[in-house]
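Geometric and topological summary
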Amino acid sequence: GGIQVGKKVYLPFIDDFSASSVFPDAGKWITNSTYINRQFPINPPSLNVATFDGLNGRGQPYGVGNGYCDTLMSWPFNLQGLKISDSVYLSFYIQPKGLGERPNFGDSLLLQIRNNPCLPNQFITIWNRSSFNLPTDRFTRIDILLNDSSWFHDDVQIAFRNFGSRSGNVNHWHIDYVQFDKGRTRKDTYRDIAITSVPSSLLQPYASMPHNHYLTDTFKYTRKQQWINVKNNDGISNPIDYSRQIRDPNASTIGTYDRVLGNFVTQTDTTLVIDQGANLTGSFTGDTITFTTRYRANILGSSDNVFSNDQTEVKTHFSNYFAYDDGTAENGYGIVNEPGAVALAFEMGMPDTLFGISMFFNRSFDDVSSRTFDLMVWQDINTNGNGTGQTVLKRIPFQSPQYFYQYNGFYYFKLDAPLFLPAGKFYIGWQQDQVYMLNVGWDENFDVDGKPAKNTNLAYRIVDFWYNTAENGTPMIRPIVGKWLNPPVGVKEIQLEGSQTEWNVVLYPNPAHDVVNIHTSNETISDIQLLDLSGKLLLKQEGSAQTLYLPALQSGIYLVKIKSNQGYETVKKLIIKSH
């Protein structure tokens, strides 16, 4: 097979994606076009999945028509010396659609294997499926025995690929729990208790809101219960303990909850209830106040084989906006076939000033960025079927959808003059005279009491008549109140308004060869990303370390994106000079 140099991964190999965020683990996978997320799947075997669609790793459509889209390709394995009798199995779980869009007739998911150690691009397809005859609300496990002796060489790679529409956030497949090892059997089990979904917000009905509004009626805005979904992937039943810990913006623990489930039956899912609201009061300064909640679930008095799915952290942000959505678009929403309007109501416990509106535009089949709509603010609409009682506070004509080439980038519309609003209800949204699908991001994870639900604050107008929506979910449109903060757009450096100083970050040495140090003022680093000038992620390092060891790269200009635990982020240019 020639002299092989370069990175190798080894059996046993397992990735349930629970330790990754947005991109796959670069220590296991070469490619980063799939989207690692926890919002798209229904009842996965573990927290996070790899989602395949028609968007590349920067959130851009691949093009038009049908073809190959996302690829999840492993680093090479050295399987030399193994034989068919060693019972080498590759297993994984798949789900078409989930909370996304179902793949079409003719779309498929494929598994390929590199069958020639000398030819790095020679892959053969050893498995493929269409989405038909597969459930879309649960995961199907696939077990593949390596039964061809030509596959046991020293440079084996596996690659999952989807074939489908290349036009956007459509035709979704989700993969989870990829396991590759020798000495296995079909449908074998693994000692693992996994959290499989993130609990809903600590707030209701919002996922995020300004803190001073929350303080007007904490009882009304606090959820009384939370729900965590967990799965016992183990071959035996186990007692488990589960807990919730809430930390305030100063990292002080302000609430703990701990319970035991005596018998968690093997190979089943269950929903754990946390029947205690959270007290998120206190006096904190800053434009964004963040509470961090850590959820844990594990075998009582013991550990299991996958640590990363035993706990998850969720941040509750109090900032200058109200949001029903969780920030991820599983689908798109709009009016088709007729002119009309969409209005989303928000209720405020105190008067405030509206500074702008942010919206997420979901790029799917059609690019409608050349079309226009009117951005609207209403004091009142009337959904009694006759269209009367509509009070317009503000109409901003000739706006156009804006797409961001990153996952879930919101576009911010700033009002020409701030608009004072009394306490009580107001509506934001849009109206359009042209007939086209605006396709605003649609969050399928909106829930009431832990169950998927329709947002009763959403209404739409066809010609002259207003109706309440019948679909579960909520559109991704948010009012910006109290203060205008510069939005985090693209890789622009963020001037932190409200704090007297910018977050100062210095890279040295710059130019750098193989290592760069990051000096920051009074903030703890949460993660560092190295990008090329097109925005492609080359390296991600999580944690507070202030040293970044650089991979072997060509000389040139690169971008270093640094985030802090307090939610600040900045981007610096780094010149790399290779030896």
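The following paragraphs examine the structure supplied in this document. This is a predicted model, so every value here is computed, not measured. (Residues numbered from 1 in each chain as written. Predicted model: local features only at pLDDT ≥ 70, side-chain atom pairs only at ≥ 80, totals over all residues. Heavy atoms only, no water.)

As a further point, take the overall build of the protein. Across its full length, the protein carries two helices and 38 strands. Rg of the C-alpha trace for the protein: 25 Å, near the compact-globule value of 25 Å for 579 residues, within the 12% margin. Counting only C-alpha atoms and orienting by the principal axes, one finds that the protein spans roughly 75 × 55 × 55 Å. Out of the 579 residues belonging to the protein, those deemed buried represent 52%. Intrachain contacts of the protein at a sequence separation of at least 6 include 75% that bridge at least 24 residues. Roughly 24,800 Å² of accessible area belongs to the protein as shown, and the carbon and sulfur atoms make up 49% of that amount. Distance between charge centres in the protein, computed from 48 positive and 55 negative side chains, equals 3 Å. (Helix = DSSP H or I, 4+ residues; strand = E, 2+ residues; numbered from the N terminus. Rg over C-alpha atoms; globule rule 2.2 N^0.38 Å. Buried < 20%, exposed > 50% of the residue type's maximum accessible area, 1.4 Å probe, protein only. Contact = heavy atoms within 4.5 Å. Areas by Shrake-Rupley, 256 points an atom, 1.4 Å probe, with all protein chains shown as cover. Lys, Arg positive; Asp, Glu negative; His and termini not counted. Charge placed at Lys NZ, Arg CZ, Asp CG, Glu CD.)

Turning our eyes to something else, we now look at the pattern of salt bridges. One pass over the full model with this rule turns up 16 salt bridges. Linking Asp-325 and Arg-478 is a salt bridge whose minimum nitrogen-to-oxygen distance equals 2.7 Å. With Asp-325 in the loop between strand 17 (311-318) and strand 18 (331-333) and Arg-478 in strand 31 (residues 477-481), the pair connects residues that are 153 residues apart, well separated along the chain. Each member of the pair, Asp-325 together with Arg-478, is buried. When salt bridges with common partners are traced through the structure, they connect Arg-141, Asp-143, Arg-184, Lys-187 and Asp-188 into a single cluster. (Salt bridge = Lys/Arg side-chain N within 4 Å of Asp/Glu carboxyl O.)

We now examine empty space enclosed by the protein. Following the criterion strictly, the structure yields two cavities of 30 Å³ or more and no others. The volume enclosed by the second largest cavity comes to roughly 70 Å³. Residue lining of the second largest cavity: Tyr-93, Arg-141, Tyr-177, Gln-179, Asp-188, Thr-189, Tyr-190, Asn-233 and Gln-267, and that is the complete set. When the residues that make up the lining of the second largest cavity are grouped by side-chain class, the tally is three nonpolar, four polar and two charged. (1 Å grid on protein atoms, 1.4 Å probe; cavity = no way out; pocket = protein on both sides within 12 Å on 5 of 7 lines; lining within 4 Å. Points joined across faces, edges and corners; volume = space filled by probe spheres on them. Nonpolar A, V, L, I, M, F, W, Y, C, P; charged D, E, K, R; others polar.)

A cluster of nonpolar side chains, contributed by Leu-533, Ile-557 and Ile-575, occupies part of the molecular surface with about 270 Å² of accessible area. For Leu-533, the location among the structural elements is in the loop between strand 34 (525-531) and strand 35 (537-542). (Patch = residues over 30% accessible without salt bridge, like charges linked within 9 Å, V, L, I, M, F, W, Y side chains within 5 Å.)

Right, let's talk about the nonpolar core for a bit. Counting 59 residues, the largest nonpolar core has Leu-280, Met-359 and Phe-373 as the members making the most contacts within it. If you tally residues by element for this core, the top one is strand 16 (residues 289-299), at five residues. Ignoring sequence-local partners within four residues, the contact set of Met-359 consists of Phe-373, Leu-375, Phe-410, Tyr-411, Phe-413, Trp-430, Val-440, Met-476 and Ile-477. Core analysis: the next-biggest nonpolar cluster, separate from the first, contains 32 residues, Leu-72, Leu-82, Ile-113 and Ile-142 among them. (Core = buried A, V, L, I, M, F, W, Y, C linked by side-chain atoms within 4.5 Å.)

Another point: the sheet that holds strand 17. Sheet architecture is open: four strands sit in the order 14-13-16-17, paired in antiparallel fashion. Strands with a single pairing partner mark the edges of an open sheet, and in this sheet they are strand 14 (253-264) and strand 17. Pairwise comparison of adjacent strand axes, ignoring direction, gives a mean angle of 15° for this sheet. Relative to strand 16, strand 13 (residues 238-247) is paired through eight bridges, and the arrangement is antiparallel. (Pairing = 2+ DSSP bridges. Axes fitted to C-alpha atoms, helices over the stretch in contact; angles between N-to-C directions.)

Next up on the list: the environment of Lys-561. Along the chain, the position of Lys-561 falls in strand 37 (residues 556-564). On the accessibility criterion, Lys-561 (16% relative accessible area) is buried. Residues Lys-561 and Ser-201 lie 360 residues apart in sequence; the distance between their C-alpha atoms is 28 Å. In contact with Lys-561, not counting residues within four places along its chain, are Asp-527, Ile-528, Gln-529, Leu-531, Glu-569, Thr-570 and Val-571.

For the coordinates displayed, the defined rule picks out 30 aromatic pairs. Note on Phe-284 and Phe-291: the rings are 5.7 Å apart at their centroids and 90° apart in plane angle, and the pair reads as edge-to-face. The class for Phe-291 is buried, based on a relative accessible area of 0%. Look at Phe-291 and Phe-318: their rings are 5.7 Å apart centre to centre, the planes differ by 80°, and that puts the pair in the edge-to-face class. Of this pair, Phe-291 sits in strand 16 while Phe-318 sits in strand 17, and the two are 27 residues apart along the sequence. With respect to burial, Phe-291 and Phe-318 carry one shared label: buried. Ring pairing ties together the aromatic residues Tyr-206, Tyr-221, Phe-322, Tyr-324, Phe-346, Phe-426 and Phe-446, which thus form one cluster. (Phe/Tyr/Trp six-rings, centres within 6.5 Å; stacked < 30°, edge-to-face > 60°.)

The volume enclosed by the second largest pocket comes to roughly 520 Å³. Considering the residues around the second largest pocket, the lining is formed by 19 residues, among which Pro-24, Asp-25, Ala-26, Leu-537 and Lys-540 are closest to the centre.

Among the seven residues of strand 12 (residues 226-232), six are classified as buried, and the element is accordingly described as predominantly covered. Of the strand pairs in this sheet, strand 11 (residues 193-195) and strand 12 are connected by three bridges, and their pairing is antiparallel. Bridge pairing in strand 12 links Ile-195 to Val-230. As judged from the six bridges shared by strand 12 and strand 15 (residues 269-274), these two strands associate in the antiparallel manner. If you follow Ile-228 over to strand 15, its bridge partner there is Leu-272.

Tracing the backbone through its elements, the reader meets Asp-248 in the loop between strand 13 and strand 14. Arg-247 provides the closest opposite charge to the buried, unpaired Asp-248, separated from it by 7.5 Å. Beyond its immediate stretch of four places on either side in the chain, Asp-248 contacts Ile-254, Phe-284, Thr-290 and Phe-291.

The next point concerns the sheet that holds strand 19 (residues 340-348). Spatial strand order, 22-21-24-19-28-29: six strands in an open sheet with antiparallel pairing. Each end of this open sheet is capped by a strand with a single partner; those strands are strand 22 (391-399) and strand 29 (465-468). Taken over all neighbouring pairs, the strand axes of this sheet differ in orientation by 20° on average, direction set aside. Strand direction decides the pairing type here: strand 21 (residues 373-380) and strand 24 (residues 424-432), joined by five bridges, are antiparallel. Bridge pairing in strand 24 links Asp-374 to Gln-431.

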